[in-house]
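# Descriptive structure summary
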Amino acid sequence: MKKQISIKTLYLVIPCYNEEDTIDVSAQVFKEKMHTLILDKKISKDSKVLFVDDGSKDKTWNLIEKLHDDDKMFIGLKLAHNAGQQNALLAGLHFAKEHSDIAITMDVDLQDDISVIDDMLKQNMDGSDIVYGVRSSRKKDSFFKKFPALSFYKLMHLMGIDIVYNHAECRLMSRRTIEALEEYTEVNLFLRGIVPQLGFKTSIAYYERQKRVAGKTKYSLKKMIKLAIECITSFSIKPLTMITFVGLMMFLVSLGMLAYCLFVKVTGNTIDGWTFIVSSIWLVGGIQLLSLGVIGEYIGKIYTETKRRPRYIIEKELN
Ligand code: UDP
Ligand code: MG
């Protein structure tokens, strides 16, 4: 059977928060890239650059409107308030799904080298539904960016959360994977954690992380820590399980302490009441922590149930 190759429509989804210094420079780079891809027949001429203004307080939206007036390749979505990069991306993806075959998400600051798009499109042609953009090096990141970022991946791994190492929000998704993503109706959605759970055929495209073209990072250390906590608490009930484990250990140690206290009492090396107080502290502490852990396990169940995540996603159907 002859394989039919049709040209796909690509939407570049770009979240922007207070990016007035960056957006004009980046828009020209995106535009050039899109034109080249269209000329090379790698994407259809209906492809667009979709800027999602995440409730910026500066002139970002005015600039997006101006870009759209000058060239209809640029389109925009304006969120009513600063919903955060994750939600901005989600809004963009949901919109893109209605009009395109594939969407690629990237930062507006060109830190994700746009030449990665070629590689992503190629891998998509080769059958990958999801292509993760992965930073091959972080030479251009400062220590204060690199250290928390790498600790983040290590911590996630420790918590049993399946995320792709050194991959941020630069990724290609086919329409059906965005449709699958829509099945996840939870409010705190962390894309880097959910997307690997979708399944489908995935692959990796490597690129060098660049410096910001202009403006400053919109992620302070505080925002990064918030994101990490958000991620752990939306993906893992391991912290709760850990309480059970520590409680169990405490309880076992308390039994040892009980034996020790009795031994000290029998050998007569103790003042009155010591045995009782010390063994009670250990025993009660152990029992309390263990009980908390048990309660935590049930709360963990309630928590996972309330997410109402889809239990399966169908990739193919023969009918
Ligand atoms: N961003 C957003 N909402 C926010 C914070 C950031 O849409 O609340 C956008 C931002 O405009 C940029 C991308 O998310 O396009 C990544 O942010 P940034 O470059 O500041 O993060 P960094 O690359 O320093 O981690
Ligand atoms: Mg950036």
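Above this text is the structure in question.
Residues numbered from 1 in each chain as written. Chains lettered and ligands numbered in written order. Predicted model: local features only at pLDDT ≥ 70, side-chain atom pairs only at ≥ 80, totals over all residues. Heavy atoms only, no water.

Take unusual backbone geometry next. Across the chain, the bulk of peptide bonds are trans and the bulk of non-glycine residues have phi less than zero. With phi around 50 degrees, asparagine 18 is a residue other than glycine that occupies positive phi space. With respect to the helices and strands, the residue asparagine 18 is situated in the loop between strand S1 (10-16) and helix H1 (23-39). On the basis of relative accessibility, which here comes to 24%, the residue asparagine 18 falls in the partly exposed class. The residue arginine 308 is not glycine, and still its phi comes out positive at about 45 degrees. Positionally, arginine 308 belongs in the segment after helix H10 (274-306). (Helix = DSSP H or I, 4+ residues; strand = E, 2+ residues; numbered from the N terminus. Buried < 20%, exposed > 50% of the residue type's maximum accessible area, 1.4 Å probe, protein only.)

Here the focus is the site of ligand 1. Taken together, 19 residues surround ligand 1, and among them Glu19, Asp54, Asp109, Thr217 and Lys218 come closest. At 3.2 Å from an oxygen atom of ligand 1 is found a side-chain nitrogen or oxygen belonging to asparagine 82. The contact in question runs from an oxygen atom of ligand 1 to an N or O atom on the side chain of arginine 209, over 3.1 Å. For ligand 1, whose unbound accessible area comes to 530 Å², protein coverage reaches 95%. Here the residues of the shell around ligand 1 sort into 5 nonpolar, 5 polar and 9 charged. (Near = heavy atom within 4 Å. Polar contact = N/O pair within 3.5 Å; in protein donor to acceptor, adjacent residues only side chain to side chain. Areas by Shrake-Rupley, 256 points an atom, 1.4 Å probe, with all protein chains shown as cover. Nonpolar A, V, L, I, M, F, W, Y, C, P; charged D, E, K, R; others polar.)

With that settled, the discussion passes to a positive patch on the surface. A cluster of like positive charges, contributed by Lys57, Lys222, Lys223 and Lys226, occupies part of the molecular surface. Mapped onto the secondary structure, lysine 226 falls in helix H8 (residues 221-235). Residue lysine 226 is classed as exposed on the basis of its relative accessible area, which comes to 59%. (Patch = residues over 30% accessible without salt bridge, like charges linked within 9 Å, V, L, I, M, F, W, Y side chains within 5 Å. Salt bridge = Lys/Arg side-chain N within 4 Å of Asp/Glu carboxyl O. Lys, Arg positive; Asp, Glu negative; His and termini not counted. Charge placed at Lys NZ, Arg CZ, Asp CG, Glu CD.)

Taken as a whole, this structure holds 7 aromatic pairs when the rule is applied. Aromatic side chains phenylalanine 51 and phenylalanine 74 sit 5.8 Å apart centroid to centroid with 25 degrees between the ring planes, which places their arrangement in the stacked category. Of this pair, phenylalanine 51 sits in strand S2 (residues 48-53) while phenylalanine 74 is found in strand S3 (residues 74-78), placing the two residues 23 residues apart along the sequence. A relative accessible area of 0% means that phenylalanine 51 is categorised as buried. Between phenylalanine 143 and phenylalanine 147, the aromatic rings sit 5.5 Å apart at their centres with planes inclined by 10 degrees, giving stacked as the arrangement. Residue phenylalanine 143 and its partner phenylalanine 147 are both found in helix H5 (residues 143-158); the two are separated by 4 residues, about one turn of the helix. (Phe/Tyr/Trp six-rings, centres within 6.5 Å; stacked < 30°, edge-to-face > 60°.)

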